[in-house]
Amino acid sequence: MIRFDNVSKCYETGHEALTNVSFALDDGEMAFLTGHSGAGKSTLMKLIMLMERPTRGHVFVGEQNLAGLDRQQIPYHRRRIGVVFQNHQLLFDRTVFDNVTLPLMICGFSPRDAGRRARAALDKVGLLSKEKMNPIALSTGEQQRVGIARAIVHKPQVLLADEPTGNLDPQLSEEIMRLFLEFNRHGTTVLIASHDMGLIQRMRVRMLSLQQGRLAADG
Amino acid sequence: MAEQNNRRRGAQRLEPQAKPAVKRTANATSSRKPRQATALRYDSDNHWQTAKTAFSRLLTTPAATLMTVAVLAIALALPGVLYSGLKNVQQVAASWEGDPRIALYMELSVDDQQADSLSRELLLRDDLAAVELISRADGLAEFRALSGFGDVLEYLGQNPIPAVITVQPALMSNDELIELQQQLEMEPGVAEAQLDMAWVQRLNSALEVAKRVVVMLGILLATAVLLVIGNTVRVSIESRREEILIAKLVGATDSWVRRPFLYTGAWYGFLGGLCGWGLIQLALMLIDTPVRELAGLYQNSFSLLGLGIVDTGLLICFSLLLGLMGAWVAVSRYLRSIEPQ
């Protein structure tokens, strides 16, 4: 589903964030991406999202070479991917429900259809009762779950999460990870960037570790 | 996904099969047609919805919106008022143009009878289309009525107004007119022959200059309208920066991001045009009475022309277009600035 072929990314400042990274993630597979901050985890995520383009090498998502996509095609590429951000990136000028329907409105779903799907997604993360609240009134863990609901509401093929448990306590982190495991069981390919080694080892899934932009371990 | 290969494919094909509700595939089979129809209907609903949302967003900051609209209205009204003034002057000038006249001022020693016989003689000439005699007595009466110096005449004792014969030449070219004027001046009893072509020409070239000035001013102020709307839209983009960034990350196309701002720009243009039209009509109403009085002094039943339906439509369409363009430029610049390298 996701394949990196000798990918290097060098930023304009001269900083080489990734060097010759190659790996492949099968359809429906789940993996953790670990490494110290600055090891290139975020850059790798951004390359999959086409928020950045590689300096050398090729990135494939679902057999599609991302180098072959032009500006106009990027939005359609991103609709295949759900992203969970560390700082959840919710909009505080609207309700939880409206935050979750945003990707659906963008994809062109009718409001009725979007509403049904958004409620299903909120139900999955256990926040259906809070759909009418403003996300600012929710706890950090709940905000993160709204972010997850928004990422999976349009049933993406790939789910990316960048430090999804970054500022949560261990118990909440575990809960969030269980959610990801469940989505993976339903066939979604999941890639989670995290440096919470204890948690990752408990989960017993594939682990890709980056060290100064190079893939140091895979397994 | 296995059947997908690496060749470049259309953007639509990238949409996953798991999302049948995204109904924009070009190769839709006939069984999917009803869905496409509902998608189209939804899309037009969506446009109307976006327009309404953009309008209610304007209403959330009424003071700022009002000020912007006022600036736009003034910028549009200024060339508008000048333009309609020019149109009116042109309308007056057009009634003078085309029939150059030569006024023959008779010598004071020539009495009305002699002037009358000369005018009859002139009437026989082929190169004159019309001849009109204003006798000394008529001239005096007219002067008394129009100048307001009637009382002064009482002191003069005798009529100081010469008889005047106005002729309308049949020939039109400048050289011929000047020749005719010189010929008529040689007629016995004629003190001076005045060709009034010259001032019509001067008026016309003055109008030409004025037209250029109005056009230039119009272009400058249209640019100002464009910039004001562009800048206002830029500010509203800034205030929704976060929303745009998130929308782009979850797959919003440029046109999806652009659409609400285009409506904002269009609303500004429309409201500015409407208020500008109001200002122009108000200005014309205010100068209508004095213009009527002035025209009355010239024994002219001239009435001021308003903008008219066509010009009003043009004004509003034009300002709406400026609004769209300003918004387009502002959003496009912003979208480029957040594009990754």
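One numbering rule holds for all chains: residues counted from 1, following each sequence as written. For this description, chains carry letters from A and ligands carry numbers from 1, given in the order in which they are written. With the structure being a predicted model, the display of local features is reserved for residues of pLDDT at least 70 and the display and counting of side-chain atom pairs for 80 or more, all residues being used for whole-chain, interface and lining totals.

Draft legend 1. Layout of the overall build of chain A. Working definition: helices are DSSP H or I runs of at least four residues, strands are E runs of at least two. Numbering for both runs from the N terminus. Helix and strand content of chain A: seven helices and ten strands. It is over C-alpha atoms that the radius of gyration is taken, and the globule rule equals 2.2 Å times the number of residues to the power 0.38. For 219 residues, the compact-globule estimate of 2.2 N^0.38 gives 17 Å, and chain A sits close to it at 17 Å. Reported as C-alpha extents along the three principal axes, the dimensions of chain A are approximately 45 × 40 × 35 Å. Here contacts are defined at the residue level, using C-beta atoms placed from the backbone and a cut-off of 7 Å between them. Pairs at least 24 apart in sequence give 69% of the contacts found in chain A among residues at least 6 apart.

Draft legend 2. Just the environment of glutamine 86 of chain A, in detail. Considering the arrangement of structural elements, one finds glutamine 86 of chain A in the loop between β6 (81-84) and α3 (96-107). With near-sequence residues (within four places) excluded, glutamine 86 of chain A lies in contact with Asp162, Glu163, Pro164 and Gly166 of chain A.

Draft legend 3. Structural detail: the domain arrangement of chain B. What counts as a domain boundary in this text is fixed by an automatic or database domain assignment. Per the domain assignment, the segments making up chain B are domain 1 (44-96 + 201-337) and domain 2 (102-195). Just the C-alpha atoms count here: the centres of domain 1 of chain B and domain 2 of chain B sit 51 Å apart.

Draft legend 4. Representation of the sheet that holds strand β1 (residues 102-106) of chain B within the structure. All names here are of chain B. We call two strands paired when DSSP finds no fewer than two bridges between them. Across the sheet, four strands lie side by side as β2-β3-β1-β4; this open sheet has antiparallel pairing. What marks the edges here is a single partner per strand, and that holds for β2 (128-134) and β4 (190-195). Going from strand to strand, the sheet's axes swing by 20 degrees on average, the running direction of each strand aside. Pairing between β1 and β4: five bridges, direction antiparallel. Considered in β4, the bridge of methionine 106 is made with valine 190. In this description, a line fitted to the C-alpha atoms serves as the axis of each element, helices being fitted only across the stretch in contact, and the angle between N-to-C directions of two axes falls anywhere from 0 to 180 degrees. Along the sheet face, helix α6 (residues 174-185) touches β1, β3 (164-169) and β4 and points at about 165 degrees away from the line of β4.

Draft legend 5. Region of interest: the pairing of strand β10 (residues 214-218) of chain A. Residue and element names in this part refer to chain A. Relative to β10, strand β9 (residues 206-211) runs antiparallel, the two being bridged by four bridges. Residue leucine 210 lies in a different strand from β10, and its bridge partner there is leucine 215. Taking the residues between adjacent antiparallel strands as the criterion, β9 and β10 are bridged by two residues, where glutamine 212 takes a positive phi near 45 degrees.

Draft legend 6. Structural detail: the confidence of the model for chain B. All names here are of chain B. Here chain B averages 80 in pLDDT, while 82% of its residues score no lower than 70. No element of chain B has a lower mean pLDDT than helix α1 (residues 33-60), at 70, and none a higher one than helix α10 (residues 308-337), at 92. Taken together, the stretch residues 1-36 has pLDDT below 50 and engages in 43 contacts with residues farther than four places along the chain or on a different chain. The ipTM, which scores confidence in the relative placement of chains, is 0.87 for this predicted complex, and the corresponding pTM is 0.71. Per residue, pLDDT captures the predictor's confidence, and it can take any value from 0 to 100.

Draft legend 7. Up close: the packing of helix α9 (residues 254-297) of chain B against α10 of chain B. All names here are of chain B. At a minimum axis separation of 7 Å, α9 and α10 run at an interaxial angle of 145 degrees. Crossing handedness for the pair α9 and α10: right-handed. Under the scheme applied here, ten amino acids are nonpolar (Ala, Val, Leu, Ile, Met, Phe, Trp, Tyr, Cys and Pro), four are charged (Asp, Glu, Lys and Arg), and all others, including Gly, are polar. A breakdown of the residues in the contact of α9 with α10 according to their chemical character gives 18 nonpolar, ten polar and two charged. Crossings are sorted by hand: turned counterclockwise from the far helix by less than a right angle, the near helix makes the crossing left-handed, and turned clockwise it makes it right-handed.

Draft legend 8. Examining the nonpolar core more closely. Linking buried Ala, Val, Leu, Ile, Met, Phe, Trp, Tyr and Cys residues through C-beta atoms within 7 Å yields a set, and such a set is a nonpolar core. Residue burial is a threshold on neighbouring C-beta atoms within 10 Å of the residue's own C-beta, all placed from the backbone, with 20 or more meaning buried, 12 or fewer meaning exposed, and counts in between meaning partly exposed. Core analysis: the largest hydrophobic core is formed by 101 residues, its most contacted members being Leu33, Ile48, Val100, Ala149 and Leu160 of chain A. The element best represented in this core is α9 of chain B, accounting for ten residues. Among residues more than four places away in sequence, those in contact with isoleucine 48 of chain A are Ile2, Val59, Val61, Ile81 and Leu160 of chain A. Membership of the second largest hydrophobic core comes to 13 residues, among which are Leu104, Met106, Leu118 and Val167 of chain B.

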